[in-house]
Amino acid sequence: MSAIPAAEDVLDRELDVLSLPDVARALGLPLTRVHQMLRDGQLLAVRRDGVLVVPALFLNGEGVVKGLAGTITVLRDSGFNVDEMIRWLFTADDSLPGTPIEALRGNRGREVKRRAQALAF
């Protein structure tokens, strides 16, 4: 079994995060499926105090935020590593406005993916 990719904790300590078992409960999935989602790039995790956690903003009441997995794919294809993806998703962008994850949560996935694609050039 391959290791679960995780970023160093590059997030603001005030940002809410969920343990992997909490993510599994929120999504109504077995923990092993959450591990697979992380390996497949449908979700990203950070290692906080030695424990894998997922930013709470990656989930909404319906599951994983729409467009997140596609954005992760675009960023990976652009050469971003997991640390860089997390930083980018949580860094304010005046052209959105707000952060890319806030824009995804606001159903503005096309704008976010467009900006992510532009990073490759």
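Thresholds applied
- Residues numbered from 1 in each chain as written.
- Predicted model: local features only at pLDDT ≥ 70, side-chain atom pairs only at ≥ 80, totals over all residues.
- Heavy atoms only, no water.
- Axes fitted to C-alpha atoms, helices over the stretch in contact; angles between N-to-C directions.
- Helix = DSSP H or I, 4+ residues; strand = E, 2+ residues; numbered from the N terminus.
- Parallel < 35°, antiparallel > 145°, perpendicular 65-115°, else oblique.
- Left-handed = near helix turned anticlockwise from the far one by under 90°.
- Contact = heavy atoms within 4.5 Å.
- Nonpolar A, V, L, I, M, F, W, Y, C, P; charged D, E, K, R; others polar.
- Salt bridge = Lys/Arg side-chain N within 4 Å of Asp/Glu carboxyl O.
- Buried < 20%, exposed > 50% of the residue type's maximum accessible area, 1.4 Å probe, protein only.

Asker: Sorry, what's going on with the packing of helix 3 (residues 68-77) against helix 4 (residues 82-89) here?
Answerer: Two numbers describe a pair of packed helices, the interaxial angle and the distance between the axes. Their axes nearest at 10 Å, the elements helix 3 and helix 4 cross at an angle of 125°. Overall, the two elements helix 3 and helix 4 adopt an arrangement that is oblique. Like other packed secondary-structure pairs, helix 3 and helix 4 cross with a definite hand, here right-handed. Contacts between helix 3 and helix 4 involve Leu68, Thr71, Ile72, Leu75 and Arg76 from the first element and Met85, Trp88 and Leu89 from the second. Of the residues contributing to the contact of helix 3 with helix 4, the split by class is 6 nonpolar, 1 polar and 1 charged.

Asker: How do you make sense of the pattern of salt bridges when you look at a structure like this?
Answerer: Two side chains with opposite charge may pair up if their charged atoms get near one another. Inspection of the entire model under this criterion finds 5 salt bridges. Residues Arg13 and Asp49 are paired through a salt bridge, measuring 3.1 Å at the closest nitrogen-oxygen approach. Of the two residues, Arg13 is situated in the loop between strand 1 (7-8) and strand 2 (17-19) and Asp49 in the loop between strand 3 (46-48) and strand 4 (51-55); the sequence distance between them amounts to 36 residues. Residue Asp49 is classed as exposed on the basis of its relative accessible area, which comes to 63%. With a shortest N-O distance of 3.7 Å, Arg115 and Asp93 are connected by a salt bridge. Separated by 22 residues along the polypeptide, Arg115 in helix 6 (residues 109-118) and Asp93 in the loop between helix 4 and helix 5 (100-105) bring together distant segments of the chain. Since its relative accessible area comes to 23%, Arg115 is described here as partly exposed. Sharing partners across several salt bridges, the network here consists of Asp9, Arg13, Arg48 and Asp49.

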